[in-house]
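Next come the chains, spelled out residue by residue.
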Amino acid sequence: MEEPVVPIPQTHPSGALSLLGNIAISIVLAVVVIVFIYQPVKVEGTSMMPGLTDQERIFINKYTYKLGAGSIEREDLVVFHYPYDPSQSYIKRIIGLPGDSIEIDNGTVYVNGKKLDEPYVPAEYRDHVPLKKESVPADKYFVLGDHRSSSNDSRVWGFVDRKEIYGKAVFVYWPPDKIGRVR
């Protein structure tokens, strides 16, 4: 019994052009997604441990807070321009929303007089420096790192202006054993 003969496809110049066109479209789409929606960033430092560790790579969603697409909510992990040097970006957790009162007593955070449940902050990462009750002004946010004893945050330099927040951490993509949604 004879084996059927399968012709080898010939590469034509129009096929190569089609391939180049597809590659160009893919590159344009990737650029649009990265520039306008998702941006890869590297975590530097230990202030967000244990959830995010030094040198991890994450994607931030830059669209979610733009043009009213989504509201900033308590416990969101946000990326913003550092208030004292806008050329630097920080990542911290939203603790206080505009109008909230914030107080820290013996490592426990109180929002509007109620203890905040923070399962993302292990006991050994809490510090015990008190913060007297203060109100979060309009268009400002109170942010904290999860590793409280090694975080430079709103306790040190105050509130973050809404216009300085430009992204929400959404996905860890490196290292491979940590791939998944940011918590």
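Now for a description of the structure that goes with this document. (Residues numbered from 1 in each chain as written. Predicted model: local features only at pLDDT ≥ 70, side-chain atom pairs only at ≥ 80, totals over all residues. Heavy atoms only, no water.)

Regarding the layout of surface pockets
Working step 1: Looking at the largest pocket, its volume works out to about 310 Å³.
Working step 2: Elements with a contribution of two residues or more to the lining of the largest pocket: β1 (38–42) and β4 (85–96).
Working step 3: Residues that form the lining of the largest pocket fall into these classes: eight nonpolar, five polar and three charged.
Working step 4: What the second largest pocket holds in volume is close to 180 Å³.
Working step 5: Lining the second largest pocket are Glu-75, Asp-76, Leu-77, Arg-93, Lys-168, Ala-169, Val-170, Arg-181, Val-182 and Arg-183.
Working step 6: The element contributing the most residues to the lining of the second largest pocket is strand β11 (residues 165–174), with three residues. (1 Å grid on protein atoms, 1.4 Å probe; cavity = no way out; pocket = protein on both sides within 12 Å on 5 of 7 lines; lining within 4 Å. Points joined across faces, edges and corners; volume = space filled by probe spheres on them. Helix = DSSP H or I, 4+ residues; strand = E, 2+ residues; numbered from the N terminus. Nonpolar A, V, L, I, M, F, W, Y, C, P; charged D, E, K, R; others polar.)

Quick notes on the sheet that holds strand β7 (residues 114–115)
Working step 1: Taken together, the four strands give an open sheet; going across it, the order is β7-β6-β5-β8, and neighbouring strands pair in antiparallel fashion. Across the chains shown, the open sheet's two edge strands, defined by having one partner strand only, are β7 and β8 (131–135).
Working step 2: As paired strands, strand β5 (residues 101–105) and β8 are joined by three bridges and run antiparallel to one another. Bridge pairing in β8 places Ile-104 opposite Leu-131. (Pairing = 2+ DSSP bridges.)

Some thoughts on the pattern of salt bridges
Working step 1: Applying the stated criterion across every chain, the model contains 11 salt bridges.
Working step 2: For the salt bridge of Lys-178 with Glu-56, the shortest nitrogen-to-oxygen distance reads 2.6 Å. Taken as a pair, Lys-178 in the loop between β11 and β12 (180–181) and Glu-56 in the loop between β1 and β2 (57–61) lie far apart in primary sequence, 122 residues in all.
Working step 3: By relative accessible area, which is 29% here, Lys-178 ends up partly exposed.
Working step 4: Here Asp-153 makes a salt bridge to Arg-155, at a shortest N to O gap of 2.8 Å.
Working step 5: Taking relative accessible area as the criterion, Asp-153 reaches 0% and is therefore assigned buried.
Working step 6: Overall, the relative accessible area of 21% leaves Arg-155 in the partly exposed class.
Working step 7: In the salt-bridge network here, residues are joined through shared partners; they are Glu-118, Arg-126 and Arg-148. (Salt bridge = Lys/Arg side-chain N within 4 Å of Asp/Glu carboxyl O. Buried < 20%, exposed > 50% of the residue type's maximum accessible area, 1.4 Å probe, protein only.)

The values are spatial; any link to function lies outside them.
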